[in-house]
Amino acid sequence: MEYIVSARKYRPTTFQSVVGQSSITTTLKNAIKNNQLAHAYLFCGPRGVGKTTCARIFAKTINCSNVTADYDACNECESCKAFNENRSYNIHELDAASNNSVDDIRTLTDKVRVPPQVGKYSVYIIDEVHMLSSSAFNAFLKTLEEPPKHAIFILATTEKHKILPTILSRCQIFDFNRISIDDAVNHLKYVAQNEGVTVEDEALNVIAQKADGAMRDALSIFDQVVAFSGKNITYQQVIENLNVLDYDYYFKMTDALLAEDHKQALLLFDEILKKGFDAQHFISGLAGHFRDLLVCQDLATIKLMEVGASVKQKYAEQASKCTLDFLYDALDTATDCDFQYRLAKNKRLHVEFALIKMSRILTKKKTLTESDSGEKDTNTGTGNDSSVTTGTTKNKAAGDRLYTSKDTDQPVKKVRPKRTPSLKELAGGKIPGEKDQSGSVEEPQVEMTSGTNSGNANPFTQEELGKAWDKFLSTIERSNARLHSILHNHPPKLKADNGIELAVLPTQQNEVEDGKGQLVVFLREELKNDKIRLDVVVQKQEETKRKVFTAADKFKLMAEKNPALIDMKKKFGLDID
Ligand SMILES: [Zn+2]
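Residues numbered from 1 in each chain as written. Predicted model: local features only at pLDDT ≥ 70, side-chain atom pairs only at ≥ 80, totals over all residues.

K.L.:
Can you help me understand the overall build of the protein in this one?
P.N.:
When helices and strands are tallied, the protein shows 28 helices and 10 strands. Counting only residues that meet the buried cut, the protein has 32% of its 577 residues in that class. The contacts in the protein between residues at least 6 apart in sequence include a share of 70% that link residues at least 24 apart. (Helix = DSSP H or I, 4+ residues; strand = E, 2+ residues; numbered from the N terminus. Buried ≥ 20, exposed ≤ 12 C-beta atoms within 10 Å, placed from the backbone. Contact = placed C-beta atoms within 7 Å.)

Rendered as structure tokens:
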């Protein structure tokens, strides 16, 4: 019997069976239902998430002569059969990665003029469309501007930012998500069942994680594991086969650090190295483990955990043993170690030192609290306190700015607990027992209900919006300088009905769309209003050009293109006039 790889064998043939892209398939189905087909679509997203598959299903469905009640292809009519057997003349695929010349595009556009013999539409799928040469792009643009009635183009790309704005503006754009671990695991389960393979849930979880959001990869890894271990797959086999470090090591390591047992930590690390794992791989994995523990501490953020139910319990248990402060400092040390790893001469010592540091976090905290009665502390561990000037921390300017607006005039003692909110902002959740504006201490239970799903709709003013906006800016200042600069230079406008308008330049649209989700979540939380919408309005180039008439405007525009200019301006204390 011919062996067919799972990724091909289980490739979805209807919208219904596409994994993890329900919002996209629904929109496409609705377009078919309402007979509102566009002439050009752009499918963006990472590799292996179903772009080409959806394009093929779409092509098949709009040519199906017997569409189901649910607006899916029937897979039975002559056209559907031709599609399924790869012999349909209504679909043309071009891989732009290998056919990117003007001539390739000309051959295609010549074909476009000819109407289809059977079926209603000719669908042209251009994969990896960002690979087209610029002259090929231009040649294609003409066809895209005036396509014949029967032609539909579906462009697919992993790199949306490389697509010319002239093309973007002519396409209906669909952004495909990475497949979530849950969706991937469920689909793998289905495939395993069909193949008569028994497999432990945790094993599937590891496969899904390794695939990093790409269903196609998940299925290939699954095939690989089946080839290696046969029809009965265990967690142990999978981590051996995929060379994944057993998460048990992270649990044991965290236990050792909590027990302040640096000897045990070093021994564990030695054991990991002896198993052939890379030290940096371990330290970044450990950082990920701390992140998961942190996320686990709050019901609002627990959904960010992407592990199976059985392990979740384990995480919850360990998380309950850790304080937020411990996790923060451990995460800080681990990410720092990871970051500096390449520069370190003695890599082993570099990681060992980080482990020793982490095993002393609790002791240090104790000493700190004891010396707290003193006027001024000379600590090194607590990073973000705006008033601590002696700290040897790397969170210099940006970290400080986070809280200076509120904290500068307050005495040191009161300032210290403020260090934690940056975590809250990082994790997007609330800290149990944290004081709210009215000064009362909320119970964790209360926070669960006041979380994202309760439907708050607090009215807010432009001024409050501005404050929340600035607060968001300070959280992304270091992590996303480009977005920071764009949002800084384009203040939001409050509109009716909880709407917020943000006008940006065409060149900034991608960045803003990418960061939009995070921003909206933040604003909703900050302004206690779950109805907030953010409308990104793209200004026409001419409008914006007219506005540049002062030197300050010019600087703004330049700084948007090159955020380093802002730092330079600050450093040299330059004035723009
Ligand atoms: Zn059909």
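More follows now that the structure is in view.
K.L.:
Would you take a moment to explain the nonpolar core for this structure?
P.N.:
In terms of nonpolar packing, the biggest core is built from 70 residues, with F43, I154, L155, I207 and A218 touching the most fellow members. Mapping this core onto the domain boundaries places at least three of its residues in each of domain 1 (6–175) and domain 2 (181–241). If we skip the residues at most four places from it in the chain, F43 touches K51, C54, A55, I154, A156, F174 and F176. In this structure, I272, L293, A319 and C322 belong to the second largest nonpolar core, which totals 33 residues. (Core = buried A, V, L, I, M, F, W, Y, C linked by C-beta atoms within 7 Å. Domains from an automatic or database assignment.)

K.L.:
Whenever I open this one, helix α25 (residues 509–526) confuses me. Can you help?
P.N.:
Along an α-helix, a turn takes 3.6 residues, which lines up residues three or four apart on a common side. With 18 residues, α25 extends 24 Å from end C-alpha to end C-alpha; this agrees with the ideal 26 Å at 1.5 Å per step. Most pronounced at K516, the bend in α25 amounts to some 45 degrees. Three or more residues of α25 are buried, namely V512, L519, L523, R524 and E525. Structurally, α25 contributes buried residues whose contacts are with α23 (462–476), α24 (481–489), β9 (499–504) and β10 (533–538). Backbone geometry just after α25 places K528 at a positive phi near 50 degrees. (Expected span 1.5 Å × (residues − 1). Bend = angle between axes of the 7 residues up to and from the residue.)

K.L.:
Just to check I follow, could you spell out the environment of T14 for this structure?
P.N.:
Locating T14 in the fold gives a position in the loop between α1 (6–9) and α2 (22–33). With 11 residues separating them in the primary sequence, T14 and T25 have C-alpha atoms 9.5 Å apart. Dropping the residues within four chain positions of it, T14 is found in contact with I57, D72, A73 and N75.

K.L.:
Before we go on, may I ask you to explain the sheet that holds strand β2 (residues 91–95) in this structure?
P.N.:
Across a sheet, strands are paired by hydrogen bonds formed along the backbone, either parallel or antiparallel in direction. Across the sheet, which stays open at both edges, the five strands sit in the order β2-β3-β4-β1-β5 with parallel pairing between neighbours. Strand pairing shows two members of the sheet lacking a second neighbour, β2 and β5 (172–175), which therefore form its edges. Here the strands of the sheet are splayed against their neighbours by 15 degrees on average, with no regard to which way each runs. Looking at chain direction, strand β1 (residues 40–44) and strand β4 (residues 151–157) are connected through five bridges and run parallel. In the sheet register, F43 faces β4, and the bridge partner there is A156. (Pairing = 2+ DSSP bridges. Axes fitted to C-alpha atoms, helices over the stretch in contact; angles between N-to-C directions.)

K.L.:
Is there a simple way to think about the sheet that holds β9 in this case?
P.N.:
In spatial order, the strands read β8-β9-β10; together these three strands make up an open sheet with mixed pairing. The open sheet has two edge strands, β8 (493–494) and β10, and neither has a second partner. Here β8 runs beside β9; their pairing, made up of two bridges, is antiparallel. In the sheet register, K493 faces β9, and the bridge partner there is E501. Most of the contacts of α25 go to β10, to which it runs at about 170 degrees, and overall it touches β9 and β10.

K.L.:
How do you make sense of the packing of helix α8 (residues 181–195) against helix α9 (residues 201–211) when you look at a structure like this?
P.N.:
The geometry of a pair of packed helices is captured by two quantities: the angle between their axes and the separation between those axes. Packing of α8 against α9 leaves a shortest axis separation of 9 Å and a crossing angle of 125 degrees. With respect to α9, the axis of α8 lies oblique. Seen from above, α8 lies across α9 with right-handed handedness. Along its contact with α8, which presents I181, A184, V185, L188 and K189, the element α9 presents L204, N205, I207, A208, Q209 and A211. For the contact of α8 with α9, the residue count by class is eight nonpolar, two polar and one charged. (Parallel < 35°, antiparallel > 145°, perpendicular 65-115°, else oblique. Left-handed = near helix turned anticlockwise from the far one by under 90°. Nonpolar A, V, L, I, M, F, W, Y, C, P; charged D, E, K, R; others polar.)

K.L.:
For this particular structure, what's the right way to read unusual backbone geometry?
P.N.:
Of note, the phi angle at N86 is positive, near 60 degrees, even though the residue is not glycine. For N86, the position within the fold is in the loop between α4 (78–84) and β2. Although it is not a glycine, K528 sits at a positive phi angle of roughly 50 degrees.

K.L.:
Help me understand the packing of α23 against α25, please; the structure alone is not making it clear to me.
P.N.:
Between α23 and α25, the least distance of the axes is 10 Å, while the angle of their chain directions is 130 degrees. Compared by their axis directions, α23 and α25 come out oblique. Crossing geometry of α23 relative to α25 is assigned as right-handed. Contacts between α23 and α25 pair A468, K471 and F472 from the former with L519, F522, L523 and E526 from the latter.

K.L.:
Please clarify how the pairing of β2 should be interpreted in this entry.
P.N.:
Sheet faces and side chains relate simply in a regular strand, where the side chains alternate between the two faces. Strand direction decides the pairing type here: β2 and strand β3 (residues 122–127), joined by five bridges, are parallel. In the strand pairing of β3, E93 is matched with I125.

K.L.:
Honestly, the confidence of the model for the protein in this entry has me stumped. Any pointers?
P.N.:
The predicted coordinates ought not to be read in detail in places where the model reports low pLDDT. Taken over all residues, the pLDDT of the protein has a mean of 81, while the share at 70 or more is 81%. Contacts from residues 374–453, a stretch scored under 50 in pLDDT, to residues over four places away or in other chains number 85 contacts. For the stretch residues 542–547, pLDDT sits under 50, and the model shows three contacts to residues farther than four places along the chain or on other chains. (pLDDT = per-residue confidence, 0-100.)

K.L.:
Could you clarify how one ought to interpret the pairing of β1 in this entry?
P.N.:
Buried residues dominate β1, accounting for five of its five residues. By the alternation rule, side chains of β1 split into A40, L42 and C44 and Y41 and F43, which are all buried. Inspection of the sheet shows β1 paired to β5 by four bridges, in the parallel sense. Along β5, the bridge assignment pairs C44 with D175.

K.L.:
Would you take a moment to explain the environment of S23 for this structure?
P.N.:
Residue position: S23 is located in helix α2. Residues S23 and F176, spaced 153 residues apart in sequence, show a C-alpha to C-alpha distance of 9.2 Å.

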